[in-house]
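Below, each chain spelled out in residue letters.
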Amino acid sequence: MPRILSAAAVLALALSCTGPEGPAGDAGAPGAPGAAGPQGPTGPSGATGADGDAGDVGLTGATGATGSTGPTGPLAAPPHILTVAPNWGSANTLVRITGQGFSTTPANNRVTFDGAVATVVSATATDLSVKAGSPVLSARTVAVTVEVAQQVSNAADFELVPSGTPRAADLAVPTNPSGAVSVGTDLYFAAQSVFGPVSGLYKLALNGNQTRVHRSASLEVNTPSGPMRVYDSPVALTTDGTDVFFTTAFGSLRRYQVSSGVVSEVAGPSQNSNGSAFPALSGVARTTNGEFFVVDRNQNGGNGGVLRIFPTGQREEISDVALNGGFGIAASGTTLYVTVPDSDSVTQMTEAADGGYVVAGSWTTGATGARGVAVVATDVVVSTDGGTLQSAPTATGGAMVAYGDPSGYLYQADGLWPATNGDLWLAQTRGGVVRKIANGQAAATIVAAGLRPAFATARLASKWYLATIGPALFGGGPPSFTAKDSALVEVGDDGISRVIYRGGFLAGLAPSGSTLMVSDCTDSRIVSVDVASGVATPVLTSADGLNCPLGLALGGGGDLYYVNTTLASGPAKVGRKPAVGSNDASFITGLPNDTVALALALTPTQQVLTMGFGGGGSSGLFSCAAASGGTATQVFGPAPFVQVQALGVSPSGTPFVLRWGNGVYSLDLANGRMVPFGATLVQSLAGGNGGGPSSQALSFGFLTDGTLWIPDFGQQSVVLVSP
């Protein structure tokens with residue numbers, strides 16, 4: 001260890017002069033490190049070391065704090081209801097809701113009727129089919145909403161009614177035509193239905209479509225049997241070649257502008273000389289100087305007269321002509337011709353020098369009940385009771401002679417109108433049709449028809465089909481099974497109707513694709529009618545053993561079943577024409593001798609149901625397997641079937657019958673009971689609608705959802721019944 005000098009020794013050494021050399025000193029402290037030398041060359045890479053052992057698992061870190069709530073994202077648009085159809089029905093009615101924003105998964109659409117959840121049967125993004133599913137005891141308006149993904153739609157109104165509630169369809173089906181005129185290529189005719197919603201002015205186009213161009217106004221009046229709705233219906237028509245003029249049930253003279261559809265008043269109702277506020281304006285004519293002459297049967301204390309209306313609207317009663325109940329009137333230039341039913345004559349009037357009209361002559365028709373009158377070329381044509389037409393030259397004098405073929409139309413024409421091409425139009429109130437006698441021909445053809453008695457009905461696509469017959473069979477005129485007095489009428493949901501086929505006594509319908517099988521008792525044949533063109537193709541004739549075929553039905557394989565009968569004697573049989581193979585006119589036997597006719601229906605289980613109705617002990621319901629045929633078995637009756645006139649099978653397979661003036665009943669075959677289908681419906685069909693005409697329904701059908709529809713010409717409407 002080095003020796004350390006004291007401080008005094010060190011000081012002495014520093015101050016001493018030269019002395020002898022001392023001993024060697026201790027070694028000095030180490031020097032500072034030298035500067036780094038230049039870098040040597042890189043050596044070769046060392047070998048890779050072995051993998052180290054895995055380290056211990058680290059501890060889990062603490063959960064981070066929740067971030068702040070971000071901005072609200074955009075909400076999905078709520079569903080929206082556009083339409084609800086129908087807008088009324090029962091808990092069993094299939095309701096279609098159209099709109100947007102619906103879920104394609106039925107369960108994801110929550111549909112409610114005033115909060116009660118409905119059953120969604122099917123769903124698309126724009127269309128829902130639902131059933132309310134909540135029965136009610138009385139009708140009430142409810143709100144319908146659709147909820148999707150917690151978003152609720154707007155509300156739509158729906159009238160929820162008890163099952164079996166009837167209601168007239170809003171269809172423009174004319175009835176009781178009382179006048180006709182032609183303007184251009186179109187025919188206009190009046191539907192004089194004072195107690196029916198079908199009242200109005202109709203247009204018949206060249207394509208056969210008949211549309212209502214003016215709906216009659218209505219009012220409610222009190223009667224001893226309760227309130228009744230009456231309609232200011234058109235009665236008689238005339239034209240100036242451009243527009244249509246018509247009298248109304250409430251006593252007005254109005255103008256219908258063809259170009260615009262605007263209806264305006266020419267002359268309003270006024271008190272008549274006999275004190276009646278509702279004049280019977282049964283005829284109207286327009287002369288070449290623009291004056292109107294109206295037959296008013298209430299003038300002169302009810303003896304009748306002619307009302308003259310000047311272009312200014314001023315009125316003048318002509319009281320000395322057309323007495324004793326004048327009805328129809330026609331003009332030729334400024335000469336008038338008026339029918340006088342009570343004296344079976346036609347009175348001719350001409351304008352005098354002082355502007356008045358005087359009687360110039362008359363003809364005796366030779367038949368009772370002269371009503372409609374028209375001037376055809378140089379002849380006066382008159383319609384008389386029994387449907388005959390008679391004519392005489394327009395010059396004074398001359399005898400009335402037969403005009404046309406009376407067997408072609410059967411019914412008296414209240415309105416007659418000659419077209420410029422010489423055709424004659426007949427508006428037949430009692431017959432319920434408009435007919436045409438073409439220039440140079442004698443036979444009359446049905447060109448327009450509405451709600452006449454329908455012995456058979458069918459539904460094809462979105463249209464109804466009515467196999468209408470003449471009211472003559474039911475006390476409306478002379479009965480005849482030989483005249484061509486039936487019409488197959490197509491009625492669309494849009495209210496447009498047309499006649500697509502004509503026959504003698506059309507009694508059965510069966511839809512088949514785009515065609516209808518139609519049975520005609522008069523001609524003893526069955527035809528297939530293409531509904532688009534009206535072309536009829538024979539299927540079976542009398543040569544195949546047909547004798548007055550009535551009810552029809554088509555089986556699942558295309559087999560055709562029909563009732564083969566006579567209206568005078570029996571026994572009737574059910575024939576079968578298979579889709580492939582020969583016809584068997586006696587496929588099912590053992591049916592009763594019925595006094596009226598037999599109906600036929602086919603159940604979903606392919607049982608043929610046939611029914612004798614209108615008679616006594618022979619009436620009843622009979623059944624036989626469609627596949628095997630043979631002898632039918634009586635499964636119901638006969639006592640309840642005395643007043644039954646129609647048979648049908650619901651989509652669920654339940655048989656239903658329609659009893660004359662007594663409503664619709666379902667048949668409980670197991671217990672042999674008839675069950676009323678809706679008390680309101682029974683009351684409506686038995687007693688009429690609001691004191692109106694009593695029911696005269698002859699047939700009925702079902703929509704696919706079970707809704708019942710009845711063409712009831714007594715109610716003057718097609719009646720829909722909620723399922």
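A quick note: this is a predicted structure, and the numbers were derived from the prediction, not measured.

1. Brief notes about the packing of aromatic side chains
So, step 1. Using the criterion set out here, one finds 12 aromatic pairs in the structure.
So, step 2. Centre to centre, the rings of Phe 293 and Tyr 357 are 4.8 Å apart; their planes meet at 65°, and the pair counts as edge-to-face. You can see Phe 293 sitting in strand 23 (residues 292-296) and its partner Tyr 357 sitting in strand 29 (residues 357-364), a full 64 residues away along the chain.
So, step 3. Between Trp 464 and Trp 709, the aromatic rings sit 5.7 Å apart at their centres with planes inclined by 55°, giving tilted as the arrangement. Separated by 245 residues along the polypeptide, Trp 464 in strand 39 (residues 463-468) and Trp 709 in strand 60 (residues 708-712) bring together distant segments of the chain.

2. Observations concerning the sheet that holds strand 3 (residues 94-100)
So, step 1. What the four strands build is an open sheet, ordered 1-3-7-6; its pairing is antiparallel. For this open sheet the edge positions go to strand 1 (80-85) and strand 6 (119-123), each flanked by a neighbour on one side alone. Neighbour-to-neighbour, the strand axes of the sheet open up by a mean angle of 30°, direction not taken into account.
So, step 2. Relative to strand 7 (residues 127-131), strand 6 is paired through four bridges, and the arrangement is antiparallel. Bridging from a neighbouring strand, Val 120 pairs with Val 130 of strand 7.

3. A few points about unusual backbone geometry
So, step 1. Here Ala 85 and Pro 86 are connected by a cis peptide whose omega angle stands at -5°.
So, step 2. Checked against the element boundaries, Pro 86 lands in the loop between strand 1 and strand 2 (88-89).
So, step 3. In the Ramachandran plot, Ala 149 falls in the positive-phi region, its phi being about 50° despite a non-glycine side chain.
So, step 4. The residue Ala 149 is located in the loop between strand 8 (140-148) and strand 9 (151-152) in this model.
So, step 5. Residue classification places Ala 149 among the exposed residues on the basis of a relative accessible area of 62%.

4. A short note on the state of the cysteines
So, step 1. Under the defined criterion, the tally for this structure stands at one disulfide.
So, step 2. Each sulfur of the disulfide joining Cys 521 and Cys 548 lies 1.8 Å from the other. Measuring handedness by torsion sign, the sulfur bridge of Cys 521 and Cys 548 sits at about -100° and is left-handed. Of this pair, Cys 521 sits in the loop between strand 43 (515-520) and strand 44 (525-530) while Cys 548 sits in the loop between strand 45 (536-540) and strand 46 (549-554), and the two are 27 residues apart along the sequence. Of the two residues examined, Cys 521 and Cys 548, each falls in the buried class.

5. Overview of the confidence of the model for the protein chain
So, step 1. Here the protein chain averages 82 in pLDDT, while 80% of its residues score no lower than 70.
So, step 2. Ignoring residues within four places in sequence, the model shows residues 1-22, a span with pLDDT below 50, making four contacts including any to other chains.
So, step 3. Note on residues 686-694: pLDDT is under 50 here. Beyond four places in sequence and across chains, it has 20 contacts.

6. What about the pattern of salt bridges?
So, step 1. Evaluation of the coordinates by the stated rule reveals 19 salt bridges.
So, step 2. In this structure, Arg 229 engages Glu 220 in a salt bridge whose closest nitrogen and oxygen atoms are separated by 3.8 Å.
So, step 3. With a shortest N-O distance of 2.8 Å, Glu 490 and Arg 498 are connected by a salt bridge.
So, step 4. Judged by its relative accessible area of 6%, Glu 490 is buried.
So, step 5. Salt bridges here are not isolated pairs; linked through shared partners, they connect Glu 291, Arg 308, Glu 316 and Glu 351.

7. Here's the deal with the sheet that holds strand 27 (residues 335-340)
So, step 1. Read across the open sheet, the four strands follow the order 26-27-28-29; overall the sheet is antiparallel. Each end of this open sheet is capped by a strand with a single partner; those strands are strand 26 (329-332) and strand 29. Taken pair by pair, the neighbouring strands of this sheet meet at an average axis angle of 25°, ignoring direction.
So, step 2. Direction of pairing for strand 27 relative to strand 28 (residues 345-351): antiparallel, over a ladder of five bridges. Across the sheet, Leu 336 pairs through a bridge with Met 349, a residue of strand 28.

8. What about the layout of surface pockets?
So, step 1. Space inside the second largest pocket adds up to approximately 990 Å³.
So, step 2. Lining the second largest pocket we find 38 residues, and of these Thr 457, Leu 509, Pro 511, Val 649 and Gly 701 sit closest to its centre.
So, step 3. Residue composition of the lining of the second largest pocket, by class: 27 nonpolar, 10 polar and one charged.

9. What about the environment of Ser 519?
So, step 1. Positionally, Ser 519 belongs in strand 43.
So, step 2. Exposure remark for Ser 519: the relative accessible area of 0% places this residue in the buried category.
So, step 3. Taking the C-alpha atoms as reference, Ser 519 lies 6.0 Å from Leu 550; in sequence the two are 31 residues apart.
So, step 4. Not counting chain neighbours up to four residues away, the residues in contact with Ser 519 comprise Phe 505, Leu 506, Ala 507, Gly 508, Arg 525, Ile 526, Pro 549, Leu 550 and Leu 552.
So, step 5. Only 2.6 Å separates the side chain of Ser 519 from the backbone oxygen of Leu 550, close enough to count as a polar contact.

10. Quick notes on the pairing of strand 39
So, step 1. With five of six residues buried, strand 39 is to be regarded as a mostly interior element.
So, step 2. Here strand 38 (residues 454-460) pairs with strand 39 via six bridges, running antiparallel. The partner of Arg 459 across the bridge, within strand 39, is Trp 464.
So, step 3. Where strand 38 folds back on strand 39, the antiparallel hairpin that results is connected by two residues, among which Ala 461 adopts a positive phi of roughly 55°.
So, step 4. The pairing of strand 39 with strand 40 (residues 486-492) spans six bridges and is classified as antiparallel. Note on strand 40: the bridge partner recorded for Lys 463 is Gly 492.

11. A word on the pairing of strand 56 (residues 655-659)
So, step 1. Of all the five residues making up strand 56, five are buried; the element is thus mostly covered by neighbouring parts of the structure.
So, step 2. Taken together, the five bridges between strand 55 (residues 644-649) and strand 56 define a ladder with antiparallel strand orientation. For Val 649, the partnering residue across the bridge sits in strand 56 and is Pro 655.
So, step 3. What sits between the antiparallel neighbours strand 55 and strand 56 is a turn of five residues, in which Gly 653 has the positive phi angle 100°.

Criteria and thresholds
- Numbering of residues begins from 1 in every chain and follows the order in which that chain's sequence is written.
- Note on the predicted model: pLDDT of at least 70 is required for a residue's local features to be given, and 80 or more for side-chain atom pairs to be given and counted; whole-chain, interface and lining totals, by contrast, use all residues.
- Hydrogens and waters are ignored; side-chain quantities use all the structure's heavy atoms.
- Pairing of aromatic rings covers Phe, Tyr and Trp, the last counted by its six-membered ring, and requires centre-to-centre distances within 6.5 Å; plane angles under 30 degrees mean stacked, over 60 mean edge-to-face, and any other angle means tilted.
- Runs of E in the DSSP output that reach at least two residues are strands. Runs of H or I that reach at least four are helices, and both are numbered from the N terminus.
- At least two DSSP bridges between two strands are required for those strands to pair.
- Only the stretch in contact is used when fitting a helix axis, every axis being a line fitted to C-alpha atoms; angles between N-to-C directions are given from 0 to 180 degrees.
- The rule is simple: take the accessible area with a 1.4 Å probe, protein chains only, and divide by the maximum for that residue type; under 20% is buried, over 50% is exposed, in between is partly exposed.
- Disulfides are defined as cysteine sulfur pairs within 2.5 Å.
- The score called pLDDT rates the predictor's confidence residue by residue, from a low of 0 to a high of 100.
- Any two residues whose heavy atoms approach within 4.5 Å at even a single point are treated as in contact.
- In what follows, salt bridge is the name for a side-chain nitrogen of Lys or Arg lying within 4 Å of a carboxyl oxygen of Asp or Glu.
- A 1.4 Å probe that fits into a set of points on a 1 Å grid over the protein atoms alone but cannot get out defines a cavity; an open set with protein on both sides within 12 Å along at least five of seven lines defines a pocket, and lining residues are those with an atom within 4 Å of a point.
- Grid points are joined across faces, edges and corners, and a volume is the space filled by probe spheres set on the points.
- The nonpolar class holds Ala, Val, Leu, Ile, Met, Phe, Trp, Tyr, Cys and Pro. Asp, Glu, Lys and Arg form the charged class, and all remaining residues, Gly among them, are polar.
- Any pair of nitrogen or oxygen atoms within 3.5 Å is treated as a polar contact; in protein, a donor-acceptor pairing is required on top of that, and neighbouring residues in sequence qualify only through side-chain atoms on both sides.

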